[in-house]
Amino acid sequence: MQSLQKAPNFPWGKIFAKRSRYANMHELKIDFHTHPLGHLYYPEVVTTTQMDAYEKSLIQQMIRIGIKRDLDAIALTDHNDFRGGFYGSRWAQQQGLPIKVIPGAELSVIIEGEEIHILALGANEAINFNPYDDFDLIIQAIQDAEGIAILAHPHYYPEIFPKLKDYIDGVEYYNGANASLNPQNQFFEELVDVEYEGLKTFGSDHHLPYKLRPEQLAGFTIVTEEMAQTIKHILK
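One numbering rule holds for all chains: residues counted from 1, following each sequence as written. Reporting in this predicted model follows two pLDDT cut-offs: at least 70 for local features of residues, and 80 or more for side-chain atom pairs to be given and counted; totals over whole chains, interfaces and linings ignore these cut-offs and use all residues. Calculation of side-chain values draws on the structure's entire complement of heavy atoms; hydrogens and water are dropped beforehand.

Asks: Run through the packing of aromatic side chains, naming residues and quoting values.
Replies: Side-chain rings of Phe, Tyr and Trp (the six-membered ring for Trp) are treated as a pair once their centres are within 6.5 Å; stacked means planes under 30 degrees apart, edge-to-face means over 60, and tilted covers the remaining angles. Applying the stated rule across the entire model yields 5 aromatic pairs. Ring centres 6.1 Å apart and planes at 85° place the aromatic pair Phe 135 and Tyr 167 in the edge-to-face group. Here the residue Phe 135 occupies a position in helix α4 (residues 135-144), and Tyr 167 occupies one in the loop between α5 (161-164) and β6 (170-175), the gap between them amounting to 32 residues. For Phe 135, a relative accessible area of 10% gives the class buried. Centroid distance Tyr 174 to Phe 202: 5.5 Å. Interplanar angle 15°. Geometry classified as stacked. A residue pair is termed long-range when its members are at least 10 positions apart, and Tyr 174 in strand β6 and Phe 202 in strand β7 (residues 199-203) qualify at 28 residues. Above the face of the Phe 220 ring, Lys 29 is positioned so that its terminal group lies 4.5 Å from the ring centre. Segments assigned H or I by DSSP are reported as helices when at least four residues long, segments assigned E as strands when at least two residues long, and all are numbered from the N terminus. Residue exposure (1.4 Å probe, protein chains only): buried if accessible area is under 20% of the type maximum, exposed if over 50%, otherwise partly exposed. Whether a charge sits over a ring depends on NZ of Lys or CZ of Arg being within 6 Å of the ring centre and within 35 degrees of the ring normal.

Asks: Quick one: what's the story with α4, residue by residue and with numbers?
Replies: Those residues of α4 that fall on the buried side of the exposure criterion are Phe 135, Ile 138, Ile 139 and Ile 142. The buried residues of α4 occupy an angular sector of 100° when projected down its axis, which confines them to one face. Those residues of α4 that are exposed and angled more than 90 degrees off the buried face are Leu 137 and Asp 144. The secondary structure elements touched by the buried residues of α4 are β3 (100-111), β4 (114-121), β5 (148-151) and α5. Following α4 by one or two positions, Glu 146 has its phi on the positive side, about 70°. Each C-beta atom gives one direction from the helix axis, and the arc is the one those directions make. Throughout, a residue-residue contact means that at least one pair of heavy atoms, one from each residue, lies within 4.5 Å.

Asks: Explain the environment of Phe 202 to me, using residue names and the numbers behind them.
Replies: Overall, the relative accessible area of 25% leaves Phe 202 in the partly exposed class. Taking the C-alpha atoms as reference, Phe 202 lies 6.7 Å from Phe 32; in sequence the two are 170 residues apart. Ignoring sequence-local partners within four residues, the contact set of Phe 202 consists of Ile 30, Asp 31, Phe 32, Tyr 173, Tyr 174, Ala 218, Gly 219, Phe 220 and Thr 221.

Asks: Quick one: what's the story with the nonpolar core, residue by residue and with numbers?
Replies: To form a nonpolar core, buried Ala, Val, Leu, Ile, Met, Phe, Trp, Tyr and Cys residues must be joined to one another through side-chain atoms within 4.5 Å. Within the largest apolar cluster, 27 residues are counted, with the highest numbers of intra-cluster contacts made by Leu 107, Ile 116, Ile 118, Phe 135, Leu 151 and Ile 168. Every element with two or more residues in this core is listed here: β3, β4, α4, β5 and α5. When residues no more than four places from it in sequence are discounted, the contact partners of Ile 168 are Ile 118, Phe 135, Ile 139, Ala 149, Leu 151, Phe 161 and Tyr 196. If you look at the next biggest cluster of nonpolar residues, it comprises 18 residues, including Ala 152, Val 223, Met 227 and Ile 231.

Asks: Just give me the short version of the packing of helix α2 (residues 53-68) against helix α3 (residues 83-95), but keep the residues and values in it.
Replies: Axis definition: a line fit to C-alpha positions, over the contact stretch in the case of helices; interaxial angles, taken between N-to-C directions, run 0 to 180 degrees. Contact pair α2 / α3: the axes reach a minimum separation of 10 Å and the direction vectors enclose 65°. Considering only the axes of α2 and α3, their crossing is right-handed. Facing α2, whose interface residues are Glu 55, Lys 56, Ile 59, Gln 60, Ile 63 and Arg 64, α3 presents Arg 83, Gly 84, Tyr 87, Gly 88, Trp 91 and Ala 92. Polarity classes work like this: nonpolar for Ala, Val, Leu, Ile, Met, Phe, Trp, Tyr, Cys and Pro, charged for Asp, Glu, Lys and Arg, and polar for all others, with Gly in that last group. Here the contact of α2 with α3 is built from residues that sort into 5 nonpolar, 3 polar and 4 charged. Crossing handedness: left-handed means the near helix sits turned counterclockwise from the far one by under a right angle, and right-handed means the same turn made clockwise.

Asks: Before we move on, could you go through empty space enclosed by the protein and cite the residues and values that matter?
Replies: The rule is simple: put a 1 Å grid over the protein atoms alone, call a set of points where a 1.4 Å probe fits but cannot get out a cavity, call an open set with protein on both sides within 12 Å along at least five of seven lines a pocket, and count a residue as lining if it has an atom within 4 Å of a point. Grid points are joined across faces, edges and corners, and a volume is the space filled by probe spheres set on the points. Here the structure, examined in full by the defined rule, presents 2 cavities of 30 Å³ or more. Computed from the structure, the second largest cavity encloses a volume of approximately 40 Å³. Residue lining of the second largest cavity: Leu 37, Gly 38, His 39, Leu 40, Tyr 41, Tyr 42, Asp 78, His 79 and Asp 81, and that is the complete set. Of the residues belonging to the lining of the second largest cavity, the class tally is 4 nonpolar, 3 polar and 2 charged.

Asks: A description of α3 should follow, citing residues and the corresponding values.
Replies: Between its terminal C-alpha atoms α3 stretches 18 Å, which fits the 18 Å expected from 13 residues at 1.5 Å a residue. Burial in α3 covers these residues: Arg 83, Gly 84, Gly 85, Phe 86, Tyr 87, Gly 88, Ser 89, Trp 91 and Ala 92. Here the buried face of α3 lies against α2, β2 (73-76) and β3. Two residues or fewer after α3 comes Gly 96, characterised by a positive phi angle close to 70°. Here a helix's expected span is defined as the number of its residues, less one, multiplied by 1.5 Å.

Asks: Can you lay out unusual backbone geometry for me, pointing to particular residues and giving the numbers?
Replies: Most peptide bonds take the trans configuration, and most residues that are not glycine carry a negative phi. Of note, the amide linkage connecting Tyr 42 to Pro 43 takes the cis form, showing an omega dihedral of 10°. Note on placement: Pro 43 falls in the loop between β1 (27-35) and α2. The phi torsion at Asn 80 lies on the positive side, around 50°, for a residue other than glycine. Mapping Asn 80 onto the fold places it in the loop between β2 and α3.

Laid out in structure tokens, this is it:
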């Protein structure tokens with residue numbers, strides 16, 4: 001997959017300085033998991049760099065919904081498809097919109113015969129991968145591209161999680177599309193809360209702009225200034 005130009009740097013220092021909507025002035029509201037194109041191409045790995053007018057309109061709508069949701073940043077993470085994130089980053093900047101778009105994709109990876117999903121966030125180029133590639137090599141490719149790797153909806157793979165936790169940068173602690181299964185369940189109490197000390201993100205897993213459900217509105221991460229420092233390379 002060809003590299004795509006990353007969006008210009010975003011003035012986070014000014015945003016932190018001007019915050020007024022939270023009691024803690026040093027927090028950002030970010031949704032790390034959205035799908036403007038839904039399942040349009042899933043499970044295929046998209047290799048083209050072209051986008052049509054319909055695809056672009058869905059991405060623009062998702063970004064505008066992010067603004068209506070009062071988000072400071074939104075990650076566009078279509079299935080095995082980096083195009084939307086890079087297009088959306090450039091478009092939001094060109095329009096002067098008050099939101100940062102984080103380029104990304106949700107990568108489908110096969111481990112021990114099971115499909116797991118990795119959110120590749122903030123990479124400076126599309127990751128050329130095969131779902132059957134070694135897991136650690138895919139994670140390394142994401143990190144080499146200055147991105148971070150978050151294990152999406154990890155409660156789907158409780159048996160595999162212990163084998164992955166030392167490679168990933170974080171786990172999705174809340175997934176709005178699976179709200180009834182989230183932090184309260186046994187998986188999170190026993191594995192994530194006790195054993196895992198990496199990043200814990202919240203995401204709406206919102207598929208298609210016009211299909212936002214009420215429980216997905218809680219799918220955002222309150223990013224403190226301390227956490228922002230940890231992931232500052234994807235917030236540039």
